[in-house]
2 protein chains.
Amino acid sequence: MTRRSLLLVLSLLSFTLSAFGGPPGAPITLVIHGGAGTINRGEMSPAMETEYRAVLERALLAGYSLLSDGRPAVDAVEAAIRVMEDSPHFNAGKGAVFTHSGTNELDATIMDGSTMKAGAVAVVTIVRNPISAARIVMERSEHVMLIGRGAELFATTQGVEIVDPSYFWTERRWRQLQKALVEAAPRLGRGYVPASPDRKFGTVGAVALDRQGHLAAGTSTGGMTNKQFGRVGDTPVIGAGTYASDRSCAVSATGHGEYFLRYTVARDIAALMEFGDMGVKEASEKVVLRTLVDAGGPGGVIALDRKGNYAMPFNTTGMYRGAIGRDGVPRVWIYEREK
Amino acid sequence: MTRRSLLLVLSLLSFTLSAFGGPPGAPITLVIHGGAGTINRGEMSPAMETEYRAVLERALLAGYSLLSDGRPAVDAVEAAIRVMEDSPHFNAGKGAVFTHSGTNELDATIMDGSTMKAGAVAVVTIVRNPISAARIVMERSEHVMLIGRGAELFATTQGVEIVDPSYFWTERRWRQLQKALVEAAPRLGRGYVPASPDRKFGTVGAVALDRQGHLAAGTSTGGMTNKQFGRVGDTPVIGAGTYASDRSCAVSATGHGEYFLRYTVARDIAALMEFGDMGVKEASEKVVLRTLVDAGGPGGVIALDRKGNYAMPFNTTGMYRGAIGRDGVPRVWIYEREK
């Protein structure tokens, strides 16, 4: 066999393998978070901690199995987020916090870094998995952002799973609202009553790199306990809570949404890479550990580049988070000094 | 008089003058737009054209008189936009287009570049001047973005002027909806009916530089004729339709909102200046004439830096626009080759 024909055979083999989900082009990677905030060791029971870690692992494996089948990054992002949305432990989907009026209003976004397409829903109350509704907006509408009843109507016409609003009732979140209402009571009658952020920003999110080298990001949240007046945070906003571009990175954020909106956090991390020649670690740490800290905005992000490098900086005491790479072993962390 | 005491007197004089609205520190500047789109000479009657130019001039003078009194940039932005919102000619406030269901849903944002604070309202139906509601959100809530009924409730409690929804009914916009409905009819019953952008993106916006050297930006819109499902475009989104930072520039955008959301247009112009060392003209032209053109996104922006340099690039045949600087003479333009 000549050297030339050997090369031909090898390249045909490699084409065949990659077309059928064989060995990688890009180093498939999935990184997730389940919210940042004041999470202290000792304040959580061992049983609860085990439970959190188990859901994060399930989410990682759900997304990873799709990536290793050669499926696109958006599939992995959606699958991982659905697992966390279906758990009562995270402030998204089933475990969403309550608004001031005792309702649950959910927001979600997804963005595909290979097409720069994006979809978002905000203030939806009857969609079981808002991340899937966001994806449907991205793929089947010509719009990016749909909100309220209109978003619910569109999701319904597209066959997204609809639930009774009571699906989102959980005792733990209900008690959190009652506590927030009692704390806010002294300020009632003096005009505006601010929402009571419970120092836990239980948004969930995922970023993924698929075998074809494409990036995607998604985020889903129930917002802020005791929120009023149709408040929307950074989660459903492209460039604030979520961003993905194959030119730089995929980002999903969690934190005090107003700061993430004003400082366009997700896009700024990507822009520092694109225009400022930073790496994913340097860029995300600059925004989370400097810009946001200077501004007084608590929270964190997960960020992933096209080589599979990722960073998970946060300026709070903890962030539920996890990652899985080519070896297929899920790794999860909660507190600051742990890794 | 010694040289030193002369300097002291001069500096005291300059302080006094600047504190009482005297000669400038920064070169006060106000730039506005009334929407970009397919605007061709000959398709507009001379009377109509005169009318448009008159409103733009009134808006410029309203904002400029505040700037020359030493008032902050946000005041000038709000005042200029209110003039355009109160005119039936622009797609914002009084002249807002109709949604698919025959309602008017308005969005607006404002951002203060000196504090990086921002406020936005989306899908409001009873607020006469959405830009003023956005400002109230910025100044009197701890939130950035309020939407729908909640935003209306908050605006009402804060004394913002409320009108009956019929205030926004204008014959011209109603006819535009009927036309769009007829055009969309053949696609009815085949699932999703896309909105019908009439190739005029009649958003209004303003950017200002005040004597203290601070920047602000604001944008207000009625959205897209025949829009459905609670669609929200770029206008109420920080970093997409509106952005201001004293570190770089103030930007207000007009165009096919979905592209401006996906490409975080307003923030990208500022980020190119901050991280990529571009000037305001180069940065805004790169985004509008290259990124958006490559993506197929029609529209334009106004952008202003802290030295009073501004740019007004658009990739459509026209953009209603105007500027006023230290000489106090308002200048307005509509078509491409005109200046």
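Each chain carries its own residue numbering, running from 1 in the direction its sequence is written. Here the convention is simple: chains get letters from A, ligands get numbers from 1, in the order in which they are written. Thresholds applied to this predicted model are a pLDDT of at least 70 for local features of residues and 80 or more for the giving and counting of side-chain atom pairs; totals over whole chains, interfaces and linings are not thresholded and use all residues. The side-chain values count all of the structure's non-hydrogen atoms but skip hydrogen atoms and water molecules.

(A) Highlighting the layout of surface pockets. Only protein atoms enter the 1 Å grid, on which a cavity is a set of points fitting a 1.4 Å probe that cannot get out and a pocket is an open set with protein on both sides within 12 Å along at least 5 of 7 lines, lining residues being those with an atom within 4 Å of a point. Grid points are joined across faces, edges and corners, and a volume is the space filled by probe spheres set on the points. Taken as a whole, the largest pocket spans an internal volume of roughly 780 Å³. Taken together, 37 residues make up the lining of the largest pocket; nearest its centre are Val123, Gly148 and Arg149 of chain A together with Gly148 and Arg149 of chain B. If you list the elements that add at least two residues to the lining of the largest pocket, you get helix H5 (148-157) of chain A together with helix H5 (148-157) of chain B. Segments assigned H or I by DSSP are reported as helices when at least four residues long, segments assigned E as strands when at least two residues long, and all are numbered from the N terminus. Considering each element in turn, the lining of the largest pocket owes the most residues, five residues, to H5 of chain A. Gly counts as polar in this scheme, as do all residues outside two lists: the nonpolar Ala, Val, Leu, Ile, Met, Phe, Trp, Tyr, Cys and Pro, and the charged Asp, Glu, Lys and Arg. Each residue belonging to the lining of the largest pocket can be placed in one class, and the counts come to ten nonpolar, 18 polar and nine charged.

(B) Representation of the confidence of the model for chain A within the structure. All names here are of chain A. Of all residues in chain A, 88% have pLDDT values of 70 or greater, and the mean over the chain is 90. Every residue gets a pLDDT, meaning the predictor's confidence in that residue, from 0 to 100. The contact definition used throughout considers only heavy atoms, calling two residues in contact when any of these lie within 4.5 Å. Between residues 14-23, whose pLDDT stays under 50, and residues either more than four places distant or in other chains, the model counts seven contacts. Counted against residues more than four places away or in other chains, residues 189-197, with its pLDDT under 50, gives 25 contacts. Scored as a complex, the prediction yields pTM 0.90 and ipTM 0.88.

(C) A look at the nonpolar core. Residue types Ala, Val, Leu, Ile, Met, Phe, Trp, Tyr and Cys, when buried and joined through side-chain atoms within 4.5 Å, form a set referred to as a nonpolar core. Buried means the residue's accessible area, taken with a 1.4 Å probe over protein chains only, is under 20% of the maximum for its type, while exposed means over 50%, and partly exposed covers the values in between. Judged by nonpolar contacts, the single largest core of 106 residues is most densely connected at Met145 of chain A together with Met145 of chain B. Those residues in contact with Met145 of chain A that lie beyond four places of it in its chain are Ala120, Ala122, Pro236 and Val237 of chain A together with Met145, Gly230, Arg231, Val232, Val237 and Leu261 of chain B.

(D) Geometry of the pairing of strand S3 (residues 117-124) of chain A. Residue and element names in this part refer to chain A. Within S3, seven of the eight residues are buried, which leaves the element mostly enclosed by the surrounding structure. Alignment of strand S2 (residues 106-112) against S3, held across six bridges, turns out to be antiparallel. Directly across from Leu106, in S3, lies its bridge partner Val124. Hairpin connection between S2 and S3: a loop of four residues separates the two successive antiparallel strands, and Met116 in this loop has a positive phi of roughly 60 degrees. Strand direction decides the pairing type here: S3 and strand S4 (residues 145-147), joined by three bridges, are parallel. Each bridged residue has a counterpart across the sheet, and for Ala122 the counterpart in S4 is Ile147. Consider the strands pointing away from the viewer: the crossover is right-handed when the path from the first strand over the helix to the second runs clockwise. Since S3 and S4 lie parallel, the crossover through helix H4 (residues 130-140) that links them has a hand, and here it is left-handed. Each pair of strands is called paired provided DSSP finds at least two bridges between the two strands.

(E) Broad picture of the relation of the copies chain B and chain A. When the copies are superposed, the least-squares fit draws on C-alpha atoms of residues that have pLDDT of at least 70 in both. Rotating chain B by 180 degrees and moving it 0.0 Å along the rotation axis overlays it on chain A with an RMSD of 0.0 Å. Expressed as a symmetry operation, the mapping of one chain copy onto the other fits a two-fold axis. The fraction of interface residues of chain B whose copies in chain A are also interface residues reaches 100%, indicating that both copies meet through the same surface.

(F) Expanded view of the side chain of Arg53 of chain A. With respect to the helices and strands, Arg53 of chain A occurs in helix H2 (residues 46-68). With residues up to four places along the chain from it excluded, the contact list for Arg53 of chain A reads Val332, Trp333, Ile334, Tyr335 and Glu338 of chain A.

(G) How the structure looks around unusual backbone geometry. All names here are of chain B. Backbone geometry places Thr264, a non-glycine residue, at a positive phi of 35 degrees. With respect to the helices, strands and loops of the structure, Thr264 is situated in the loop between helix H7 (257-262) and helix H8 (265-276). With phi around 60 degrees, Asp277 is a residue other than glycine that occupies positive phi space. Mapped onto the elements, Asp277 comes out in the loop between H8 and helix H9 (280-295).

(H) A look at helix H3 (residues 73-86) of chain A. All names here are of chain A. To estimate the expected span of a helix, count its residues, drop one, and scale the result by 1.5 Å. Its 14 residues give H3 an end-to-end C-alpha distance of 20 Å, which sits within 8% of 20 Å, the value for a rise of 1.5 Å per residue. Of all 14 residues in H3, twelve are buried, a share of seventy percent or more. Within H3, burial applies to Ala73, Val74, Asp75, Ala76, Val77, Glu78, Ala79, Ala80, Ile81, Val83, Met84 and Glu85. Elements that come into contact with the buried residues of H3 comprise strand S1 (29-37), H2, S2, H4, strand S6 (204-209) and strand S7 (215-221).

(I) Spatial organisation of the interface of chain B and chain A. With 43 residues of chain B in contact, the opposing surface of chain A contributes 43 residues. Buried area between chain B and chain A, summed over both chains or domains, comes out near 3800 Å², and the portion from carbon and sulfur atoms is 66%. Note on definitions: salt bridges are taken to be side-chain nitrogens of Lys or Arg within 4 Å of carboxyl oxygens of Asp or Glu. Put simply, chain B and chain A have two salt bridges between them. The partner of Asp268 of chain A in a salt bridge is Arg267 of chain B, and the shortest N-O contact between them spans 2.6 Å. Counting of polar contacts relies on pairs of N or O atoms within 3.5 Å, with two restrictions inside protein: one atom must be capable of donating a hydrogen and the other of accepting it, and residues adjacent in sequence are counted only when both atoms are side-chain atoms. Counting the contacts that link chain B with chain A gives 16 residue pairs in polar contact (both at pLDDT 80 or more). Elements with a contribution of two residues or more to the side of chain B that touches chain A: strand S3 (117-124), strand S4 (145-147), H5, strand S8 (231-232), H7 and H8 of chain B. The dominant element in the side of chain B that touches chain A, judged by the number of residues it contributes, is H8 of chain B, at six residues. Its residues placed into classes, the side of chain B that touches chain A shows 26 nonpolar, nine polar and eight charged. Relative to S8 of chain B, S4 of chain A runs antiparallel, the two sharing two bridges. What counts as buried area is the accessible surface, traced by a 1.4 Å probe, that two parts surrender upon association, with contributions from both included.

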